[in-house]
Amino acid sequence: MESEIYIHIPFCLKKCKYCAFNSIVGTDALIESYVNALCTEINSQSSDLDVKTIYIGGGTPTLLSIAHIKKIFETIGNKFNLKHCLEVTMEANPGTVNEKYFYELRQLGVNRISLGVQSFDDELLKLIGRIHNRSEAIASVNNAKKLFNNVSIDLMYGLPSQTLDNLKDSIDMAASLDVEHVSIYGLEIEEGTEFFKLHSQNKLNLPTEDEAVEMYDYIVDRLPKCGWWRYEISNFAKSGFESQHNLGYWSDVKYIGFGAGAHSYDGFRRKSNVKSVSEYINGIINGRDVSLLEEEITTQAAMEEFCFLALRTVDGININKFKQKFGVDIKIIFGNAINKLKRQNLIDITNDRIKLTDYGMKFGNIAFAEFLI
Ligand code: SF4
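Some remarks on the overall build of the chain
In step 1: Within the chain one finds 15 helices and 17 strands.
In step 2: Its C-alpha atoms give the chain a radius of gyration of 21 Å, near enough to 21 Å, the size a compact globule of 373 residues would have.
In step 3: Total accessible area on the chain stands at roughly 17,200 Å², and carbon and sulfur atoms take up 48% of it.
In step 4: Between the centroid of the 40 positive side chains of the chain and the centroid of its 49 negative side chains there is a distance of 2 Å.

Written out as structure tokens, the structure reads:
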């Protein structure tokens, strides 16, 4: 079975103020037993996977020693078929990596680095709780570029106190560093984060809605002029450097996740592991099932997901593929939604595709909601 692999490493040096990911701090002592548990979980899977991509995300995966990463890769390599594996991505945080570390990752088969930069502005980085500063971010990108020909960075907009000029400077910096890929996300205030608390106390100086829209408009205009084409709502790449792993998520490819809170999808069922790191480790050690949730996906849910995930990409929904998969014409199921979104100029329909217009990309959530039956 063709599949993607995701490995979750939940450890961080410090919790960023906006972060709602499954990550914990101050638990480095657990890393060794966590890696052992990961390897046990990998070994417990049936071995018939033909792996297309591997993505090690977090958290901060680069807190692991090279010996730990080697152990994880060896376990994957001994268990699954990696002959067709095209892309091996490792998320890295500036401030936790140096050239030697990148060199050793390269030796282990990593061929893509995704750096969590977020901004090149020192004040902003401090304000959002990142551990690195501008010069460390630049040094990390430069070190990665020496060894990898596929380097991505994450940037953010709509941050407290961020101005359009801050954002322009970060994008210009990314362009001068000549990275192959940029993911750029608007800040979302999520429950359980430091920013959520500050926001509810009116202590967060967020850009106004107009200012955030101005930033968005700048991004979608400027990034393509810097050589990165927009292939998904929040993702821009030089041609040929689109993230194969993430494209899989949006195009109904099966994936299997290992680690605390990791999700898996086999085309019919979804599964997620317990989020708690200690529960995960203890569960694996004691031979317990660490699934938190395992559910069959109803045909209706599968149709909805197929559509709103595909709509995120510039390729949009493949009408023929929908019919092949579900045995019914998409217009029979979603005719009303399609007509409404077309009237609102949120989607375009060409031969075999339904795609968001530029205007639709801006208001993607409205379009996605229409595909919920
Ligand atoms: S480094 Fe990433 S995962 Fe860790 S706290 Fe910050 S945003 Fe969250």
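Let's talk about the site of the ligand
In step 1: Around the ligand, the neighbouring residues are Cys12, Lys14, Lys15, Cys16, Tyr18, Cys19, Phe21, Ser23, Gly59, Thr60, Asn93 and Arg130.
In step 2: Per-class residue counts for the shell around the ligand are five nonpolar, four polar and three charged.

Some words on the domain arrangement of the chain
In step 1: Considered domain by domain, the chain is made up of domain 1 (2-249) and domain 2 (299-370).
In step 2: Of note, the centres of domain 1 and domain 2, computed from C-alpha atoms alone, are 28 Å apart.
In step 3: Listed as interface residues are eleven residues of domain 1 and, on the opposing side, eight residues of domain 2.
In step 4: Of the roughly 800 Å² buried at the junction of domain 1 and domain 2 (both faces included), carbon and sulfur atoms supply 60%.
In step 5: Contact with domain 2 buries area across many residues of domain 1, yet Tyr216, Glu232 and Ile233 alone supply 53% of it, more than any other trio.
In step 6: Along the contact surface separating domain 1 from domain 2 lie two salt bridges.
In step 7: Between Asp217 and Lys362 there is a salt bridge, with the nearest N and O atoms lying 2.9 Å from each other.
In step 8: Applying the counting rule to domain 1 against domain 2 returns five residue pairs in polar contact (both at pLDDT 80 or more).

Examining the pairing of strand E1 (residues 2-9)
In step 1: With seven of eight residues buried, E1 is to be regarded as a mostly interior element.
In step 2: In the sheet, E1 pairs with strand E4 (residues 50-58) via eight bridges, with the strands oriented parallel. Looking at the pairing, Ser3 lines up with Val51 of E4.
In step 3: When E1 meets strand E11 (residues 255-258), the two strands line up parallel, connected through four bridges. Opposite Ile5, over in E11, you have Ile256 as the bridge partner.

What counts and what doesn't
Sequence order as written defines residue numbering, which begins from 1 separately in each chain. Local features in this predicted model are restricted to residues of pLDDT 70 or higher, and side-chain atom pairs are both shown and tallied only at a pLDDT of 80 or more, whereas totals for entire chains, interfaces and linings draw on every residue. The side-chain figures draw on all heavy atoms in the structure; neither hydrogens nor water molecules are used. Under the DSSP-based scheme used, a helix requires at least four consecutive residues in state H or I and a strand at least two consecutive residues in state E, with every element numbered from the N terminus. Based on C-alpha atoms, the radius of gyration is set beside the globule rule, defined as 2.2 Å times the residue count to the power 0.38. Where accessible areas are quoted, they stem from the Shrake-Rupley method and a 1.4 Å probe; at the residue level, only the protein chains shown are allowed to cover. Counted charges follow a simple rule, with Lys and Arg positive, Asp and Glu negative, and His plus the chain ends left uncounted. Note on charges: their place is set at NZ of Lys, CZ of Arg, CG of Asp or CD of Glu. When we say a residue is near a molecule or strand, we mean one of its heavy atoms is within 4 Å of it. Throughout, the ten residues Ala, Val, Leu, Ile, Met, Phe, Trp, Tyr, Cys and Pro are labelled nonpolar, Asp, Glu, Lys and Arg are labelled charged, and all others, Gly among them, are labelled polar. Domain delimitation follows an automatic or database domain assignment. Throughout, a residue-residue contact means that at least one pair of heavy atoms, one from each residue, lies within 4.5 Å. Each of two parts loses accessible area, computed with a 1.4 Å probe, when they are put together; buried area is these two losses added. Take a side-chain nitrogen of Lys or Arg and a carboxyl oxygen of Asp or Glu: if they are within 4 Å of each other, that pair is a salt bridge. Throughout this description, a polar contact denotes any pair of N or O atoms lying within 3.5 Å of each other; where both atoms belong to protein, one of them has to be capable of donating a hydrogen while the other can accept it, and for residues adjacent in sequence the pair is counted only when both atoms sit in side chains. Throughout this description, buried means an accessible area under 20% of the type-specific maximum (1.4 Å probe, protein chains only), exposed means over 50%, and partly exposed covers the range between. Strand pairing is defined by DSSP finding a minimum of two bridges between the two strands.

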